[in-house]
Each structure stands twice: as structure tokens, then as C-alpha cells.
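Structural characterization, general
In case you want the letters, here they are:
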Amino acid sequence: CPSNETERIPNRQRDGRAYCTGQAVGEACGSNTQCSSGVCVVGICLVEKQHVGDTCDSSDNDDCANSACGFAKFNTSATEMICCPSNETERIPNRQIDGRTYCT
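Below or above, wherever it landed, is the structure these notes cover. Remember, predicted model here, so these are calculated numbers, not experimental data.

This brings us to the state of the cysteines. Think of a disulfide as a covalent bridge from one cysteine sulfur atom to another cysteine sulfur atom. For the structure on display, the rule yields six disulfides. A disulfide bridge connects Cys35 with Cys45, and the sulfur atoms are separated by 2.2 Å. What sets the handedness of the Cys35 and Cys45 disulfide is the S-S torsion sign, and at about -80° it is left-handed. Here the residue Cys35 occupies a position in the loop between strand E2 (17–20) and strand E3 (40–41), and Cys45 occupies one in strand E4 (residues 44–45), the gap between them amounting to 10 residues. Each member of the pair Cys35 and Cys45 is classed as buried.

All right, on to the environment of Cys84 then. You can see Cys84 is positioned in the loop between strand E7 (81–83) and strand E8 (89–92). A sequence separation of 15 residues divides Cys84 from Cys69, and the C-alpha atoms of the two residues are 5.8 Å apart. In this view, Cys84 contacts Val52, Asn66, Ala68, Cys69, Gly70, Thr89 and Cys103; residues no more than four positions away in its chain are not counted.

This paragraph deals with the nonpolar core. Grouped together as the largest cluster of nonpolar side chains are seven residues: Cys56, Cys64, Cys69, Phe71, Met81, Cys83 and Tyr102. Those elements that place two or more of their residues in this core are strand E6 (69–71) and E7. Here Cys83 is in contact with Gln50, His51, Val52, Gly53, Asp54, Cys56, Cys64, Asn66 and Ala68, once residues within four sequence places are set aside.

Calculation notes
- Residues numbered from 1 in each chain as written.
- Predicted model: local features only at pLDDT ≥ 70, side-chain atom pairs only at ≥ 80, totals over all residues.
- Heavy atoms only, no water.
- Disulfide = S-S within 2.5 Å.
- Helix = DSSP H or I, 4+ residues; strand = E, 2+ residues; numbered from the N terminus.
- Buried < 20%, exposed > 50% of the residue type's maximum accessible area, 1.4 Å probe, protein only.
- Contact = heavy atoms within 4.5 Å.
- Core = buried A, V, L, I, M, F, W, Y, C linked by side-chain atoms within 4.5 Å.

Here you go:
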């Protein structure tokens, strides 16, 4: 690894796998801590946190400069989350254990 550091990311195997940290912008990633910028969105290291209306990862408020990542509209089939224009989110219960997070 260029950074000489790794992070173990859990997967279906008991112990997970070790991945390089300190990844450059544009490199593949699986978590924010893998990127030198601290921002991994949709599997790519970005320069900075996302702005209002930009894509963010599921339930990862750390991706957004305003710390508010959610589904834009109440739609149970929605798949893309954004940094909320309202700067606020609300978790609404559903059949999933933890519910879904929506922009308010």
C-alpha cells in the first residue's frame, strides 16, 4: 500500500479483508476511512464532502457537508440518496429492522 496502512473491512468471511487506506481521489474504496480525503461515495474517493442535492451513500451522513443524507421523496422503491436541501432527515419505520431515512 502506498500509505503503508490498511483497514480490515468486514464481509461474509469471518475476519474480513485488509484494504489499503490513504487512497487518492478517484480510486476505488469501500469506506470513508480508506480515502485520504475521508470521503468515499458510491465506491470512489472524492475530493470533499458532497453538497446539497449530490449523491450520498446509504445512511452515511458523513458524506454530506451538511451531515444530512436521505431519500429525497417518500418512495419505498427509491434507491438513490442525496444530501438533503432541508439539512435534516427523519427515519421512518418499515418492514426492515431499521427503517429508511428521508429528507424532511
